[in-house]
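Analysis of the macromolecular model
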Amino acid sequence: MLGQELQLPRIEPKGKDSIQSVKDKYTTIAQRGPESLRHFKRTYKNALKRSIAMNNYDHVEPVVVPTRDDFEYRSWTSVQMPESNAAIIYIMDASGSMMDEQKEIVRTEAFWIDTWLKSQYDGVDCRYIIHDAVAKEVDEETFYHTRESGGTRISSAYKVCKEVIEKNYPVSDWNIYVFQFSDGDNWGEDNKDCLDLLTTDILPKCNLYAYGQVESPYGSGDFMRELKRLGDKNENLVLSEIPSKDAIYDSIRKFLGKGK
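Rules used in this analysis
- Residues numbered from 1 in each chain as written.
- Predicted model: local features only at pLDDT ≥ 70, side-chain atom pairs only at ≥ 80, totals over all residues.
- Heavy atoms only, no water.
- Helix = DSSP H or I, 4+ residues; strand = E, 2+ residues; numbered from the N terminus.
- Buried < 20%, exposed > 50% of the residue type's maximum accessible area, 1.4 Å probe, protein only.
- Contact = heavy atoms within 4.5 Å.
- Areas by Shrake-Rupley, 256 points an atom, 1.4 Å probe, with all protein chains shown as cover.
- Pairing = 2+ DSSP bridges.
- Axes fitted to C-alpha atoms, helices over the stretch in contact; angles between N-to-C directions.
- pLDDT = per-residue confidence, 0-100.
- Phe/Tyr/Trp six-rings, centres within 6.5 Å; stacked < 30°, edge-to-face > 60°.
- Expected span 1.5 Å × (residues − 1).

What to know about the overall build of the chain
- The secondary structure content of the chain amounts to eight helices and eight strands.
- The 260 residues of the chain split such that 49% are buried.
- Put simply, 80% of the contacts in the chain that link residues at least 6 apart link residues at least 24 apart.
- Surface exposure of the chain reaches about 13,900 Å², of which carbon and sulfur atoms provide 48%.

This is the structure we're talking about:
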């Protein structure tokens, strides 16, 4: 329903031939097995054929009673199946200018992003990074409920993101998605470091890098202008302004509408 409503294209994941998982496929028949897997149709046909062969079948009042020898069961074989995994890395400004309202927008949008990507991949691994002037990786609960009071240095989060990818997610095997949410505040001298890290170390490894800028009464919104300087050179960079909860719908469509 989400895909149809937002007209989201199906994703063609990479790494299909690199990661293998064992799956059971019910493609065979056995003479023994648990009653929950009894094949009713085949069992009935065996009983019917036996009844006819023994001249016990009454076509006027047909009664077919299977015996133990008639029973057949669905059985399985374990096969190696290609598996494609996705890593989702969320980055959020947790400084004092990000209020509860802005975090609720992030939480709602992230929920639907998770829902869509989990429908597209066999395995999804989520990681969370928060930052003010210093960044750290945290669990999901901390991500949504922590508020720091320092300044804002976005490059600190990019450095942690780079480390997480390099240590855990080989680009050849993983489909990597990064979603950054901020009110656009950043120390001016830090912007150059941010763009260098993005273009050199992060964007080349990502299926999609999505930056969502939420509107805050205390945020400057300047960082969006910095990212727009990258222009059309990076097709996997998608920018979205999210002034209120009503804008979440269009933001998701903008982020995921390319089917990367």
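Back to the write-up after that little detour.
Brief notes about the sheet that holds strand β8 (residues 237-242)
- With mixed pairing, six strands are arranged side by side in an open sheet as β5-β4-β3-β6-β7-β8. The two strands at the open ends of the sheet, each matched to only one other strand, are β5 (135-138) and β8. Along the sheet, successive strands turn relative to each other by an average axial angle of 20°, direction set aside.
- Its contacts with the sheet place helix α5 (residues 154-168) against β3 (85-93), β4 (123-131), β5, β6 (174-182) and β7 (208-214), and it is angled at close to 150° to β4.
- Lying on the sheet, helix α8 (residues 248-256) is in contact with β6, β7 and β8; it crosses β8 at an angle near 175°.

A look at the side chain of E72
- Inspection of the secondary structure puts E72 in the loop between α2 (40-53) and β2 (73-83).
- Classification of E72 as buried rests on a relative accessible area of 11%.

Quick look at the side chain of S156
- Its place among the elements puts S156 in helix α5.
- Setting aside chain neighbours within four positions, we find S156 in contact with H131, D132, A133, V134 and A135.

As for the confidence of the model for the chain
- Counting all residues, the mean pLDDT for the chain is 83, and 85% of those residues have values of 70 or more.
- Here helix α1 (residues 2-6) stands out as the element of the chain with the lowest mean pLDDT, 58, in contrast to α5, whose mean of 96 is the highest.

Examining the packing of aromatic side chains
- The full count for this structure, using the stated rule, is 14 aromatic pairs.
- Consider the rings of Y128 and Y144, whose centres lie 6.4 Å apart with planes at 65°: the pair is edge-to-face. One end of the pair, Y128, is in strand β4; the other, Y144, is in helix α4 (residues 140-145), and 16 residues separate them in sequence. When sorted by exposure, Y128 lands in the same class as Y144, which is buried.

A look at helix α3 (residues 100-120)
- Over its 21 residues, α3 extends 31 Å from the first C-alpha to the last, a length consistent with the 30 Å expected when each residue adds 1.5 Å.
- Residues of α3 that are buried: Q102, K103, I105, V106, E109, A110, I113, D114, W116, L117 and Q120.

Some points on the pairing of β3
- For β3, the buried fraction is high: nine of the nine residues fall into the buried class.
- Burial of the side chains of β3 extends over both faces: N85, A87, I89, I91 and D93 are buried on one face and A86, I88, Y90 and M92 on the other.
- Pairing between β3 and β4: nine bridges, direction parallel. The partner of A86 across the bridge, within β4, is V124.

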